[in-house]
Each structure stands twice: as structure tokens, then as C-alpha cells.
Amino acid sequence: MRKIIHIDMDAFYASVEQRDNEALRGKPVAVGYSEARGVVSAASYEARKYGVRSAMPSLTAKNKCPHLIFVPARFDVYHEVSNQIREIFFEYTDRVEPLSLDEAFLDVTVNHKNNPSASLIAKEIQQRIFEKTRLRASAGISVNKFLAKIASDYKKPNGFFVIRPEEAESFAESLNIERFFGVGKVTARKMHENRIYTGYDLKQRSEMELVRLFGKAGHTYYLNARGIDHREVEPNRITKSISNETTFLEDKTEFTLLSVELYHLAKEVFERMEEEKFYGKTITVKIKYNNFKIITRSKTLLHKIKTFDMFWSTAREILKQTHLDHPVRLLGLGISNFSDGSSQQYTQLELDLF
């Protein structure tokens with residue numbers, strides 16, 4: 001029996017800002033920019049009460065909450081705090097799979113503390129995070145990643161929820177279909193069109209029918225409806241790409257101005273490449289025009305890109321060869337196609353106590 005913990009920091013970016021600025025505590029805060037084309041990166045729980053959410057246009061957020069306080073993102077600080085939290089995880093297990101700066105899966109089936117209870121470990125981790133960072137985290141505990149992640153969302157903020165092995169199937173049946181992994185708005189609409197509203201409804205359909213309706217994802221839906229998820233916690237989760245993008249306050253039409261913006265993006269992306277030792281072969285430039293049409297242009301080199309000059313010059317060449325037939329609203333840059341051919345296998349032991 002596996003013992004999986006999902007740790008999710010509560011309103012991470014906004015909580016860091018409230019921690020570091022007493023004047024923001026207890027007030028609706030959005031991390032991002034308030035300009036016309038700004039986007040909310042994160043919202044405090046005080047802001048969420050008004051319907052403010054991450055990825056929401058800033059103007060929409062301000063309409064929902066006129067007294068919303070915007071603060072610029074400080075990603076260097078978020079990275080630093082994230083590293084502090086990750087150090088705590090590694091005190092308990094090497095099997096840590098970060099999903100982002102503010103959440104991770106931990107497999108504590110076998111752990112450094114020789115503690116047979118995943119629940120006690122999760123509570124201890126929550127306390128350690130608060131003592132070290134003064135930030136709150138929610139924890140979900142179960143027998144697989146699918147259920148552990150849902151459990152961590154169940155009683156936020158500062159939540160703690162356990163889905164025990166014997167409860168897994170019935171719990172999955174009780175879920176609204178929107179809670180299932182990979183079910184976004186479009187898929188949920190298609191589910192509803194086929195009279196699938198809950199995990200129980202999903203469970204009534206055969207695997208063949210779900211694959212016919214939803215493609216390969218149908219296999220996953222079939223298993224998840226039964227509380228099953230065979231995915232392992234991947235300690236060395238492979239980075240498949242690194243990218244960054246920026247939305248302009250005013251549309252840009254000149255190559256020179258776009259080139260300057262691309263240079264800044266290249267600096268930021270290459271810095272992350274250096275940090276993660278991620279040297280890919282394929283560079284991709286993304287452009288969104290003011291008519292919202294999106295295009296991507298890529299170039300793959302024979303060797304891994306390990307110098308900034310090579311990265312920047314190739315990105316600029318791609319931009320130069322791109323037709324700028326409309327004003328540009330958004331510019332993005334990414335690198336991918338990295339492989340070192342390495343793989344690892346792990347053996348899990350079974351313990352009775354959950």
C-alpha cells in the first residue's frame with residue numbers, strides 16, 4: 001500500500017507578500033499588474049471572496065473587487081521560500097515530485113523518519129513549514145496521487161484531509177466530474193452532454209466507451225472513477241521545456257522593439273536553463289497578434305544550446321524570419337528537446353499502518 005502526501009501552499013505568492021508587508025495582512029491582495037492588459041498571478045483568500053482568481057484579467061479583478069491591492073511579483077523571493085520548503089520535504093523522503101514552486105507530491109511509504117503514519121508526517125511537515133516560513137500549507141493524504149491532490153484541496157486554507165484506502169472508491173464516486181484530473185471546462189461540457197456529472201456516473205461507463213468519447217484520457221477516467229491511479233511519484237521529474245512570455249501594454253509593430261523584448265525574455269529563460277542545467281536543442285518563439293491569432297515558430301539545432309549567445313542569436317533569427325503582418329500583443333520564448341537518456345527505477349515496501 002502506497003502512502004502519498006500532496007502539499008499545496010495556501011495562496012502562496014499572495015501569502016508571501018502579506019507575510020513581508022504588514023499593511024497587506026487581512027486585505028484583498030493580487031500579485032500582478034493592474035494595467036489594462038495585466039493578469040492576476042495569485043490572489044489572497046480575502047480577494048477570492050470577491051471572485052478574484054489567478055489568470056484573471058486585472059480589469060476584471062478590479063471590477064469584482066474595487067479595493068483590490070495589486071503588488072508586483074517577486075519571483076526571486078518565491079523561489080527562495082520554495083527552496084526552504086523543499087528542504088523540509090527532503091528531511092522525510094527523497095521521493096519528492098515538485099509540480100511548481102508551491103506544491104509537491106511526497107511518497108512516504110518508506111521514509112527517513114521510519115514513521116509508519118503518513119498522516120502524522122503530513123501534520124509534522126505543515127508545522128515545520130509554518131515554523132520556518134510563517135506560511136500555511138494544506139495537506140492531502142491518500143494511496144495515490146489522484147486522491148492525495150483532491151484531498152489537499154478539500155479543506156483549504158490550512159487544510160488537512162485523509163482519504164483512507166477503504167474509502168477511495170466511494171470517495172471518487174461522490175466527486176463532481178470537474179474535480180477529476182484532466183477535466184477542464186471543455187471536457188466537463190462534453191461529460192455533461194453525455195449525462196456524466198459525478199464519479200458515480202463516470203463509473204457506469206465502460207472503458208471502451210470512455211476511450212471512444214475522450215480518447216486516451218478515457219483510460220485514466222475509467223481508473224480514477226474507481227479511485228485508482230498507478231502513477232508513481234517521480235523524484236527526478238524531467239523538465240520538458242522552459243519558457244516565458246510577456247503581454248505588452250501597447251501593441252508593438254517594429255522589429256527593433258520586439259527584439260528588445262525578446263532579449264529580456266532570453267535572459268530570463270537562459271537564467272532558468274542554467275539553474276536547472278537544462279540545455280535543449282529546440283527554440284520556439286510564440287507570437288499573439290492583436291487579432292488574438294497565435295503562431296509559433298521553432299528551430300532545432302544539431303547540438304544542445306549551452307551559451308547565451310547561441311540561444312539569443314537563434315531566437316532573434318527566428319523572430320526576424322517571422323511575418324509581422326499585424327501588431328503584436330504577446331511575445332513568448334521557450335526551449336525544449338532535452339534528453340540525457342537516463343532513467344531510474346525504485347522499489348516500494350508495504351506497510352500496514354496508514
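Residues numbered from 1 in each chain as written. Predicted model: local features only at pLDDT ≥ 70, side-chain atom pairs only at ≥ 80, totals over all residues. Heavy atoms only, no water.

### Some points on the overall build of the protein chain
Here is step 1 of the chain: Along the protein chain, the regular secondary structure elements total 13 helices and 12 strands.
Here is step 2 of the chain: For 354 residues, the compact-globule formula gives about 20 Å, and the C-alpha radius of gyration of the protein chain, at 22 Å, lands near that figure.
Here is step 3 of the chain: Projected onto the principal axes, the alpha-carbon positions of the protein chain cover approximately 65 × 50 × 45 Å.
Here is step 4 of the chain: Looking at the 354 residues of the protein chain, the share that counts as buried comes to 44%. (Helix = DSSP H or I, 4+ residues; strand = E, 2+ residues; numbered from the N terminus. Rg over C-alpha atoms; globule rule 2.2 N^0.38 Å. Buried < 20%, exposed > 50% of the residue type's maximum accessible area, 1.4 Å probe, protein only.)

### Remarks on the environment of Glu250
Here is step 1 of the chain: With respect to the helices, strands and loops of the structure, Glu250 is situated in strand E9 (residues 241-252).
Here is step 2 of the chain: Given the relative accessible area of 64%, Glu250 is considered exposed.
Here is step 3 of the chain: In the structure, Glu250 is positioned 117 residues away from Thr133 in sequence and 38 Å away in space, judged by C-alpha atoms.

### Thoughts on the sheet that holds strand E3 (residues 40-43)
Here is step 1 of the chain: The 3 strands lie next to each other as E3-E2-E4, forming an open sheet whose pairing is mixed. In this open sheet, the two strands that pair with only one neighbour each are E3 and strand E4 (69-71). Sheet twist, expressed as the mean angle between neighbouring strand axes with direction ignored, is 30°.
Here is step 2 of the chain: Sheet topology places strand E2 (residues 29-32) next to E3; 3 bridges connect them, and they run antiparallel. Bridged to Val31 within E3 is Ala42.
Here is step 3 of the chain: Set on the sheet, helix H1 (residues 12-20) makes contact with E2, E3 and E4; between it and E2 the angle comes to about 110°. (Pairing = 2+ DSSP bridges. Axes fitted to C-alpha atoms, helices over the stretch in contact; angles between N-to-C directions. Contact = heavy atoms within 4.5 Å.)

### Remarks on the sheet that holds strand E5 (residues 96-100)
Here is step 1 of the chain: Spatial strand order, E5-E6-E1-E7-E8: 5 strands in an open sheet with mixed pairing. Strands with a single pairing partner mark the edges of an open sheet, and in this sheet they are E5 and strand E8 (160-162). Averaged over neighbouring strand pairs, the angle between their axes works out to 15° when direction is ignored.
Here is step 2 of the chain: Judged from the 5 bridges that link them, strand E1 (residues 4-9) and strand E6 (residues 103-107) form a sheet pairing that is antiparallel. Bridging across to E6, His6 finds its partner in Phe105.
Here is step 3 of the chain: Here helix H4 (residues 75-90) sits on the sheet in contact with E1, E5 and E6, set at roughly 155° to E5.
Here is step 4 of the chain: Along the sheet, helix H5 (residues 118-133) makes contact with E1, E6, strand E7 (137-142) and E8, crossing E7 at roughly 170°.

### Section: H4
Here is step 1 of the chain: Across its 16 residues, H4 extends 22 Å between first and last C-alpha, which sits within 8% of the 22 Å expected from 1.5 Å per residue.
Here is step 2 of the chain: Taken residue by residue, H4 has Val77, Tyr78, Val81, Ser82, Ile85, Ile88 and Phe89 as its buried positions. Looking straight down H4, one finds its buried side chains confined to an arc of 130°; they lie on one side.
Here is step 3 of the chain: Considering only its buried residues, H4 is in contact with E1, H1, E2, E5, E6 and H5. (Expected span 1.5 Å × (residues − 1). Arc of directions from axis to C-beta.)

### Brief notes about H1
In an α-helix there are 3.6 residues to a turn, and that puts residues three or four apart on one side.
Here is step 1 of the chain: With respect to burial, H1 is a largely interior element, 7 of its 9 residues being buried.
Here is step 2 of the chain: All buried positions along H1 are accounted for by Phe12, Tyr13, Ala14, Ser15, Val16, Glu17 and Gln18.
Here is step 3 of the chain: If you follow the buried residues of H1, they end up packed against E1, E2, E3, helix H2 (45-48), E4 and H4.

### What to know about the pairing of E5
Here is step 1 of the chain: Here E5 pairs with E6 via 4 bridges, running antiparallel. Note that in E6 the partner of Glu97 across the bridge is Phe105.
Here is step 2 of the chain: Linkage of E5 to E6, two consecutive antiparallel strands, is achieved through a turn of 2 residues.

### Comments concerning the nonpolar core
Across soluble globular proteins, nonpolar side chains have a tendency to be buried as a group.
Here is step 1 of the chain: Ile5, Ile7, Phe12, Phe89, Leu106, Ile125 and Ile129 are the most contacted members of the largest nonpolar core, which has 33 residues in total.
Here is step 2 of the chain: Take this core: its biggest share by element is 6 residues, from H4.
Here is step 3 of the chain: In this structure Ile5 touches Ala104, Phe105, Leu106, Val108, Ala118, Ile121, Ala122, Gly140, Ile141 and Ala148, once residues within four positions along its chain are discounted.
Here is step 4 of the chain: Listed in part, the 28 residues of the second largest apolar core include Ile283, Ile287, Ala315 and Ile318. (Core = buried A, V, L, I, M, F, W, Y, C linked by side-chain atoms within 4.5 Å.)

### Points about the environment of Thr296
Here is step 1 of the chain: Within the fold, Thr296 resides in strand E11 (residues 294-300).
Here is step 2 of the chain: With a relative accessible area of 46%, Thr296 lands in the partly exposed category.
Here is step 3 of the chain: Distance in space between the C-alpha atoms of Thr296 and Gly332 is 8.9 Å, their sequence separation being 36 residues.
Here is step 4 of the chain: Sequence-distant contacts of Thr296, that is, excluding residues within four places in its chain, are made with Thr284, Val285 and Lys286.

### So, the packing of aromatic side chains
Here is step 1 of the chain: Enumeration according to the criterion identifies 14 aromatic pairs in this entry.
Here is step 2 of the chain: Arranged with centres 5.9 Å apart and planes meeting at 45°, the rings of Phe161 and Phe171 form a pair that is tilted. A residue pair is termed long-range when its members are at least 10 positions apart, and Phe161 in strand E8 and Phe171 in helix H7 (residues 168-174) qualify at 10 residues. Summarising the burial analysis for this pair, Phe161 and Phe171 share the class buried.
Here is step 3 of the chain: Three or more aromatic residues joined by ring pairs make a cluster, and in this case those are Tyr263, Phe270, Phe308, Phe311 and Trp312.
Here is step 4 of the chain: Note that Lys123 overlies the ring of Phe160, its terminal NZ or CZ placed 4.9 Å from the centroid.
Here is step 5 of the chain: A cation over a ring is seen here: Arg226 above Tyr222, with NZ or CZ 3.8 Å from the ring centre. (Phe/Tyr/Trp six-rings, centres within 6.5 Å; stacked < 30°, edge-to-face > 60°. Lys NZ or Arg CZ within 6 Å of the ring centre and 35° of its normal.)

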